[in-house]
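Fold and geometry: a report
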Amino acid sequence: MRLALALVFAGLFLLLQIASAGTIHTVKRAETLSGIASQYKVSVSDVVRANRLSDPDRIYAGQKLIIPDRSTSGRSASSQGSVGVIYYTVKRGDSLSRIASRYQVSVSSIMSSNNIRNANLIRVGQKLKISGTGNDLDLDASIVRKIEQPRVKSGRWKYIVVHHSGASQGSAKSMDRYHREERRMENGLAYHFVIGNGRGGMKDGEIAIGGRWEKQIQGGHLASPALNRVSIGICLVGDFEKSKPTSRQIRSLISLCHYLLVDLGMPRSALQIHKQINPKPTKCPGKNFPAKLVENAIRQRMP
């Protein structure tokens, strides 16, 4: 049982260390890592590194592996432009050494980033800035600064709701125009955040911050005024009834959701997809949206 749980958590978390432009491969019965690497024309070490496999000989049918793009194979997170900044809320039983080990950074770097003079004096609920993790799921520091600009009242938000746009291309700008001009929404863009797919004016995985977040006002993305008042809306460009979100979109979504949950002190259960919470039936965010994948990645990052 312990081994099974370890494999599940390790596999799901490592899968979600999504490399830029990577491919997801589901292991089939009798497949080997060398055979899979050969199939995609990458090295075994690249696959091991992308998935942080502790034992290359122990892969199993149904396991999902990241196959790094050949153009980025062998490159470090820093060379790929990962800023490596996350925020962690101290929990009961935590120590700086344990937190440092979890994020593969030094105790001294955490102390320096948070002006801590005594490593033994951290408290439950304290938020720590952890820099230089080199994790592909780290949220870019420039986005963090923009998210932190508005003053957010304690308890202001209760849910984070994920949507798809229902169109193969688009941008926060085009959605804002549509919501203002076609749907007659006074505050424009119905969502607080939009994540692009590289088609329609936004880069693949780019996070756009809408006016509703900047002004800290209610969304317009749910069929309930009461829920809109307390729900942060995140929309991924794409129609996931017909196609899948890109790897970069999922990476950005996980990064953004993790940051918001930690920063706002919200439980994992606050993260919902549109069809789970909407009072009216909807297929959004589509049958191809990997809800379990995202959920397990968040669970792994929020022990």
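Residues numbered from 1 in each chain as written. Predicted model: local features only at pLDDT ≥ 70, side-chain atom pairs only at ≥ 80, totals over all residues. Heavy atoms only, no water.

1. Digging into the overall build of the chain
Regarding its fold elements, the chain presents 12 helices and nine strands. Looking at the chain as a whole, 48% of its 303 residues are labelled buried. A sequence separation of at least 24 residues applies to 73% of the contacts in the chain between residues at least 6 apart. Accessible surface, the chain: about 15,500 Å² in total, of which carbon and sulfur atoms supply 48%. (Helix = DSSP H or I, 4+ residues; strand = E, 2+ residues; numbered from the N terminus. Buried < 20%, exposed > 50% of the residue type's maximum accessible area, 1.4 Å probe, protein only. Contact = heavy atoms within 4.5 Å. Areas by Shrake-Rupley, 256 points an atom, 1.4 Å probe, with all protein chains shown as cover.)

2. Observations concerning the environment of A270
Inspection of the secondary structure assignment puts A270 in the loop between α10 (247-263) and β9 (271-273). Its relative accessible area of 2% is what places A270 among the buried residues. For the pair A270 and K158, spaced 112 residues apart in sequence, the C-alpha separation works out to 6.3 Å. In this structure A270 touches K158, Y159, I160 and L261, once residues within four positions along its chain are discounted.

3. Quick word on helix α7 (residues 172-181)
Since the α-helix turns once every 3.6 residues, residues separated by three or four places project in the same direction. Among the residues making up α7, those that are buried are A172, M175 and H179. Here the buried residues of α7 occupy an arc of 65 degrees about the axis, which is enough to place them on one side. As for α7, its buried residues are in contact with β6 (193-197), β7 (204-209) and β8 (231-236). (Arc of directions from axis to C-beta.)

4. Things to note about helix α2 (residues 33-40)
Within α2, burial applies to L33, I36 and A37. One side of α2 holds all its buried residues, which, seen down the axis, span an arc of 100 degrees.

5. Focus on the pattern of salt bridges
Tallied over the entire structure, the rule returns three salt bridges. The partner of E181 in a salt bridge is R177, and the shortest N-O contact between them spans 3.3 Å. Of the two residues, E181 and R177 are both situated in helix α7; the distance of four residues between them amounts to about one turn of the helix. For R177, a relative accessible area of 40% translates into the label partly exposed. With a closest N to O distance of 3.7 Å, K292 and E295 form a salt bridge. (Salt bridge = Lys/Arg side-chain N within 4 Å of Asp/Glu carboxyl O.)

6. Quick notes on unusual backbone geometry
Residues C284 and P285 are joined by a peptide bond in cis, for which omega reads 5 degrees. Within the secondary structure, P285 is located in the loop between α11 (274-277) and α12 (291-301).

7. Notes on the sheet that holds β9
Pairing is mixed across the open sheet formed by five strands, whose spatial order is β7-β6-β8-β5-β9. Each edge of the sheet is formed by a strand with only one pairing partner; in this case those strands are β7 and β9. Averaged over neighbouring strand pairs, the angle between their axes works out to 20 degrees when direction is ignored. Bridge count for strand β5 (residues 159-164) against β9 is three bridges, and the pairing is parallel. Bridging from a neighbouring strand, V162 pairs with I273 of β9. (Pairing = 2+ DSSP bridges. Axes fitted to C-alpha atoms, helices over the stretch in contact; angles between N-to-C directions.)

8. Thoughts on the environment of S108
Along the chain, the position of S108 falls in helix α5 (residues 107-113). Put simply, S108 and S97 are 11 residues apart on the chain and 9.5 Å apart in space, counted from C-alpha to C-alpha.

9. Topic: the side chain of H25
Tracing the backbone shows H25 in strand β1 (residues 23-26). A relative accessible area of 3% means that H25 is categorised as buried. Separated by 2.9 Å, the side chains of H25 and Y40 make a polar contact. Each residue touching H25, except ones within four places of it in the same chain, is listed here: E31, I36, Q39, Y40, Q63, K64, L65 and I67. (Polar contact = N/O pair within 3.5 Å; in protein donor to acceptor, adjacent residues only side chain to side chain.)

10. Observations concerning the nonpolar core
Core analysis: the biggest nonpolar cluster contains 33 residues, and I147, I160, F193, I234, L253, L260 and F289 have the highest contact counts within it. For this core, the elements supplying multiple residues, two or more each, are α6 (141-148), β5, β6, β7, β8, α10, β9 and α12. Residue contributions to this core peak at eight residues, all from α10. In contact with L253, not counting residues within four places along its chain, are V162, I195, I234, L236, F289 and V294. Core analysis: the second largest hydrophobic core is formed by 12 residues, V90, L96, I116 and I130 among them. (Core = buried A, V, L, I, M, F, W, Y, C linked by side-chain atoms within 4.5 Å.)

11. Describing the confidence of the model for the chain
When pLDDT is averaged across the chain, the result is 82; 79% of the residues are at 70 or more. Under a pLDDT of 50 for its full length, residues 1-21 has, in the predicted model, 52 contacts with residues more than four places off or in other chains. Per-residue pLDDT stays below 50 along residues 71-83; that stretch engages in 19 contacts with residues further than four places along the chain or on separate chains. (pLDDT = per-residue confidence, 0-100.)

12. Quick look at the packing of α6 against α10
Orientation of α6 relative to α10, taken along the N-to-C sense of each, is 40 degrees, at an axis distance of 12 Å. Judged on the interaxial angle alone, α10 and α6 are oblique. Pair α6 / α10 crosses with right-handed handedness. Residues V144, I147 and E148 of α6 form the contact with α10, whose participating residues are L256, Y259 and L260. Its residues assigned to classes, the contact of α6 with α10 shows five nonpolar, no polar and one charged. (Parallel < 35°, antiparallel > 145°, perpendicular 65-115°, else oblique. Left-handed = near helix turned anticlockwise from the far one by under 90°. Nonpolar A, V, L, I, M, F, W, Y, C, P; charged D, E, K, R; others polar.)

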